Amino acid sequence: MRSLTRRVLLDSRYTLVGFPTTLIGFVLMVTGLAAGVGTVVIWIGLPVLAGTLLIARGFADAERGWLADVLQRPPVRPRYKPAPPGAGRFRRMVNPLLSGQSWLDLLHGIINLPFAAIAFVLTVVFWAVPLACLAWPLYGVITMRIPGNVELPELLGLGDGYLVNAAFYVLAGLFFLLLKPFVIRGAALLRAGLGRALLTGVAELQERIDDLQEGRAAAVSAEANALRKLERDIHDGPQQRLVSLAMELSRAQRQLAKDPEAAQATLKSAIDATRETLDELRALSRGIAPPILSDRGLAPALAALAGRCTVPVDLDVQTVERYSAAIENAIYFVCAEALTNVAKHSRATVCTVQLVRLGDALMLTIGDDGVGGAHVAKGHGLAGLADRLRAVDGELTVQSPEGGPTVIVAEVPCG
C-alpha cells in the first residue's frame, strides 16, 4: 500500500508540475523558433535559433530527470556534440544547430503540450472527484438547501433525499478512488512515452551500441587470452613431454639390438609418459567445448566437470533445456575455470554448483568454503571469465571476503 501511494504521488507530481513547466517551455520555444526562422535571412536568426535550442535542452534535461522517477530507471542523457577544438566564437555559438538531439529536444517541447494537458486534466479530475464525492456527506446538508439545486442522483432518476445522495456520492467516490492509481499511472505514462522516445531514445540506442562494442571487444580479448594460455600450456606441458617421448623412443630403438632388456624398460617409461601426456591434454581440453556439451547439453557436461574436480562437488542442475552454442560454451567455460580455481587455490573442503533458469536469465552459482580472496580485477583469472560472459551480454558477480566463503554467480540472458 505504501509503494502504491508513493507511485501515485510521484506520477501526480510529474503530471501536475509538468503541465505549467511544459506550457512555459512551449511559449518560449515557439516564440524563439518563429523569431529565429523569420530573421535567419539576415543572420540574426542563427544565434536566436541556437539560444532557443539551448532553452529546449534545459527543459529536456528537467524532463529526463522526471522520467527517471516515472519509468523507474536511471536517467539517460544523450551526448551533445561539442564544438571542435579551436573553433571560433561564431562556430561555438551556432554549435547547437548541428546537433540532431537539440532539434529533438525542441520538437518535444512543442508537441508535448497536448499530452501534458491531457495528463494534467486526468490527474486533476481523479484527485478532485474522489475527494469531492467522499466529502459530500459533510457539505451536502448545505448544498441541498440551496434553492433550485438538483443533485445528480435525482437527475439520474435514482431519487432524492440526503441518504440517497450520500450513498450515491460515497459509492462514486470509492469507484473513482479505486480507478485513480491506474488512470494517473496511465496519464503519466502517456506523457512519459513521448519523452522517452524523443529525449532518451537515441541515447539508449547509443548505450546499447556501446555495450555491444564492449562485449565484442571483450569476446575478442577473452578468446585471444584463452588461445595464448592454451599455447603456453601446450608448449610448457605436452610439447615438452612429446619431445622427451621422441627421445625415449629413439633410445629404445638403439637399445633393441644391443640390450633388449634396457629397451623394454625404456619402452615402458615411454608408455607411462604417453599416458601422462594424454591426461594433460584432457585437462587442457576442459577450456574448449567438449563433444559431450554439443551432443548432450549442459547438465551432462557440468556433471563431467564435477566428477573430475579434486574437491567434492554438490551439483544441482534444474534445467535440461538446450541453449545456443555461445551460451552453453560460456557457462561451461566459467564452470570449468571456477572449479579449477577451487581445486588449485581455495583450500576448500566442499563446493556447490547450481544451474537454474529464472525467467529469461540462466544463473550459474558456484560456492566453496575455502579461504576466499577471489576478485575480478584485471590481471586475475576471473577477469577473463567476466570478459567471456560480457560477450554474450552476461555478468559475473563475485563475493569472496578474506577467510571465505566464496560465491561466484554468472548470469546470462537466454530469452
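Since we're looking at a predicted model, the values are computed, not measured.

1. What to know about the pairing of strand β4 (residues 395-399)
At step 1: In terms of strand pairing, β4 meets strand β5 (residues 406-413) through five bridges, oriented antiparallel. If you follow Gln-399 over to β5, its bridge partner there is Val-407.

2. Things to note about the nonpolar core
At step 1: Ile-331, Cys-335, Leu-362, Leu-364 and Leu-396 are the most contacted members of the largest nonpolar core, which totals 36 residues.
At step 2: Counting only elements with at least two residues in this core, the list comes to α11 (298-308), α12 (325-346), β2 (351-358), β3 (361-368), α13 (381-390) and β5.
At step 3: Top element by residues in this core is α12. It accounts for eleven residues.
At step 4: Residues contacting Cys-335, with those up to four places away along its chain left out, are Leu-302, Leu-305, Val-353, Leu-364 and Ile-366.
At step 5: Leu-46, Ala-56, Leu-97 and Leu-106 belong to the second-largest nonpolar core, a separate cluster that totals nine residues.

3. A closer look at the environment of Val-183
At step 1: Looking at the element boundaries, Val-183 is found in helix α7 (residues 162-236).
At step 2: On the accessibility criterion, Val-183 (21% relative accessible area) is partly exposed.
At step 3: Spatially, the C-alpha atoms of Val-183 and Ala-119 are 9.2 Å apart, while their sequence positions differ by 64 residues.
At step 4: The residues touching Val-183, leaving out its near neighbours within four places in the chain, are Leu-122 and Phe-126.

4. Concerning the side chain of Arg-7
At step 1: Tracing the backbone through its elements, the reader meets Arg-7 in helix α1 (residues 2-39).
At step 2: Ignoring any residue separated from it by four or fewer positions in sequence, one finds Arg-7 in contact with Asp-69, Val-70, Gln-72 and Arg-185.

5. A look at the environment of Ala-326
At step 1: Relative to the helices and strands, Ala-326 is located in helix α12.
At step 2: Of the residues examined, Ala-326 reaches a relative accessible area of 44% and is grouped as partly exposed.
At step 3: Separated by 65 residues in sequence, Ala-326 and Ala-391 place their C-alpha atoms 8.9 Å apart.

6. Brief notes about unusual backbone geometry
At step 1: The omega torsion of the bond from Gly-404 to Pro-405 falls at -5°, within 30 degrees of zero and hence cis.
At step 2: Mapping Pro-405 onto the fold places it in the loop between β4 and β5.
At step 3: Of note, the phi angle at Trp-43 is positive, near 70°, even though the residue is not glycine.
At step 4: By the element assignment, Trp-43 lies in the loop between α1 and α2 (45-71).
At step 5: Accessibility expressed as a relative area gives 59% for Trp-43, which makes it exposed.
At step 6: Of note in the backbone geometry, Gln-72 takes a positive phi value of approximately 55° without being a glycine.
At step 7: Within the fold, Gln-72 resides in the loop between α2 and α3 (89-93).

7. Description of the side chain of Asp-11
At step 1: Turning to its location among the elements, Asp-11 is positioned in helix α1.
At step 2: Take Asp-11: its relative accessible area is 1%, and that puts it in the buried class.
At step 3: Those residues within four positions of Asp-11 in sequence are excluded, and the remaining contacts are Val-70, Ile-184, Arg-185 and Ala-188.

8. Describing empty space enclosed by the protein
At step 1: Using the criterion set out here, one finds two cavities of 30 Å³ or more in the structure.
At step 2: Lining the largest cavity are 15 residues, and of these Thr-22, Phe-59, His-108, Gly-109 and Asn-112 sit closest to its centre.
At step 3: In terms of residue class, the lining of the largest cavity is built from six nonpolar, six polar and three charged.
At step 4: In this structure, the second largest cavity encloses a volume near 60 Å³.
At step 5: Breaking the lining of the second largest cavity down by element, the ones donating at least two residues are α2 and α7.
At step 6: Looking at which element gives the most residues to the lining of the second largest cavity, the answer is α2, with four residues.

9. Focus: the sheet that holds β5
At step 1: In space, the five strands of this open sheet follow the order β1-β2-β3-β5-β4, with mixed pairing throughout. Across the chains shown, the open sheet's two edge strands, defined by having one partner strand only, are β1 (313-317) and β4. Taken over all neighbouring pairs, the strand axes of this sheet differ in orientation by 10° on average, direction set aside.
At step 2: Taken together, the eight bridges between β3 and β5 define a ladder with antiparallel strand orientation. Its bridge partner being in β5, Gly-367 is matched across the sheet by Val-407.
At step 3: Its contacts with the sheet put α11 on β1, β2 and β3, and the angle it makes with β1 is roughly 175°.
At step 4: On top of the sheet, α12 reaches β1, β2, β3 and β5; it is set at about 5° to β3, its chief contact.

10. Quick word on α2
At step 1: For α2, with 27 residues, the first-to-last C-alpha span of 37 Å sits near the 39 Å given by 1.5 Å per residue.
At step 2: Gln-72 sits one or two positions beyond α2 and adopts a positive phi of about 55°.

11. A short note on the packing of α11 against α12
At step 1: The N-to-C vectors of α11 and α12 enclose an angle of 10°; their axes lie 10 Å apart at closest approach. By the angle between their axes, α11 is roughly parallel relative to α12. Where α11 abuts α12, its residues Leu-298, Ala-301, Leu-302, Leu-305, Ala-306 and Arg-308 lie against Glu-328, Ile-331, Tyr-332, Cys-335, Ala-336 and Leu-339.
At step 2: Residues belonging to the contact of α11 with α12 are distributed by class as follows: ten nonpolar, no polar and two charged.

What counts and what doesn't
- Residues numbered from 1 in each chain as written.
- Predicted model: local features only at pLDDT ≥ 70, side-chain atom pairs only at ≥ 80, totals over all residues.
- Heavy atoms only, no water.
- Pairing = 2+ DSSP bridges.
- Helix = DSSP H or I, 4+ residues; strand = E, 2+ residues; numbered from the N terminus.
- Core = buried A, V, L, I, M, F, W, Y, C linked by side-chain atoms within 4.5 Å.
- Buried < 20%, exposed > 50% of the residue type's maximum accessible area, 1.4 Å probe, protein only.
- Contact = heavy atoms within 4.5 Å.
- 1 Å grid on protein atoms, 1.4 Å probe; cavity = no way out; pocket = protein on both sides within 12 Å on 5 of 7 lines; lining within 4 Å.
- Points joined across faces, edges and corners; volume = space filled by probe spheres on them.
- Nonpolar A, V, L, I, M, F, W, Y, C, P; charged D, E, K, R; others polar.
- Axes fitted to C-alpha atoms, helices over the stretch in contact; angles between N-to-C directions.
- Expected span 1.5 Å × (residues − 1).
- Parallel < 35°, antiparallel > 145°, perpendicular 65-115°, else oblique.

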